[in-house]
Amino acid sequence: MIWMARVLAGPVLWAVLFSAVYALHGAGCHLGWSDRPLGFTDLHHAAMWTVWIGGLLLHAGLVVWMPAGQGRARWIIVAGTWIGLVSSAFTLFPVIVTSTCF
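Residues numbered from 1 in each chain as written. Predicted model: local features only at pLDDT ≥ 70, side-chain atom pairs only at ≥ 80, totals over all residues. Heavy atoms only, no water.

### What to know about the packing of helix α2 (residues 43–65) against helix α3 (residues 71–98)
No. 1: Here α2 crosses α3 at 170°, and the two axes come no closer than 9 Å. Classified by the angle between their axes, α2 and α3 sit roughly antiparallel to one another. Facing α2, whose interface residues are His-45, Met-48, Trp-49, Trp-52, Leu-56, His-59, Leu-62 and Val-63, α3 presents Thr-81, Trp-82, Gly-84, Leu-85, Ser-88, Ala-89, Leu-92, Phe-93, Val-95, Ile-96 and Val-97. (Axes fitted to C-alpha atoms, helices over the stretch in contact; angles between N-to-C directions. Helix = DSSP H or I, 4+ residues; strand = E, 2+ residues; numbered from the N terminus. Parallel < 35°, antiparallel > 145°, perpendicular 65-115°, else oblique. Contact = heavy atoms within 4.5 Å.)

Here it is, written out as structure tokens:
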């Protein structure tokens, strides 16, 4: 059971991060966060960037500390953690960079 949790940790973290970023996108657009400047950007983008970067750091932690076991069992855990990391990087980056509110 622990082995299955280790295999699914990366994809589950991707799903949580995906939901969080899209929820912030919708909430930020509804609440007008894009009109509130924050440093070099606005509150809307800063909130999404913060969650995305925090999630990528968690993914990196999984890649480093999660793999255990030997042989094929270890390889499947490593593949799961990398799938989650790459999925989070490539599926959420366009949303964060090009997000617009209509």
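Additional details are given in the paragraphs that follow.
### A closer look at the nonpolar core
No. 1: Counting 13 residues, the largest nonpolar core has Leu-17, Val-21, Leu-24, Met-48, Trp-52, Leu-92 and Ile-96 as its most contacted members.
No. 2: The set of elements that each furnish at least two residues to this core consists of α1 (2–31), α2 and α3.
No. 3: Tallying contributions element by element places α2 first for this core, with five residues.
No. 4: Excluding anything up to four places from it in sequence, Trp-52 contacts Leu-17, Val-21, Ser-88, Ala-89, Leu-92, Phe-93 and Ile-96.
No. 5: Ranked by size, the runner-up nonpolar core spans six residues in total, among them Val-7, Ala-9, Leu-13 and Met-66. (Core = buried A, V, L, I, M, F, W, Y, C linked by side-chain atoms within 4.5 Å. Buried < 20%, exposed > 50% of the residue type's maximum accessible area, 1.4 Å probe, protein only.)

### Some remarks on the packing of aromatic side chains
Note on aromatic pairs: each is described by the distance of the centres and the angle between the planes.
No. 1: Inspection of the entire model under this criterion finds five aromatic pairs.
No. 2: With 6.3 Å between their ring centres and 85° between their planes, Trp-49 and Phe-93 make a pair best called edge-to-face. Of this pair, Trp-49 sits in helix α2 while Phe-93 sits in helix α3, placing them 44 residues apart in sequence.
No. 3: Residue classification places Trp-49 among the partly exposed positions, given a relative accessible area of 30%.
No. 4: Take Phe-93: its relative accessible area is 39%, and that puts it in the partly exposed class.
No. 5: Taken together, a centroid distance of 5.8 Å and an interplanar angle of 45° make the contact between Trp-52 and Phe-93 tilted. Taken together, the positions of Trp-52 in helix α2 and Phe-93 in helix α3 put the pair 41 residues apart, joining distant regions of the chain.
No. 6: On the basis of relative accessibility, which here comes to 8%, the residue Trp-52 falls in the buried class. (Phe/Tyr/Trp six-rings, centres within 6.5 Å; stacked < 30°, edge-to-face > 60°.)

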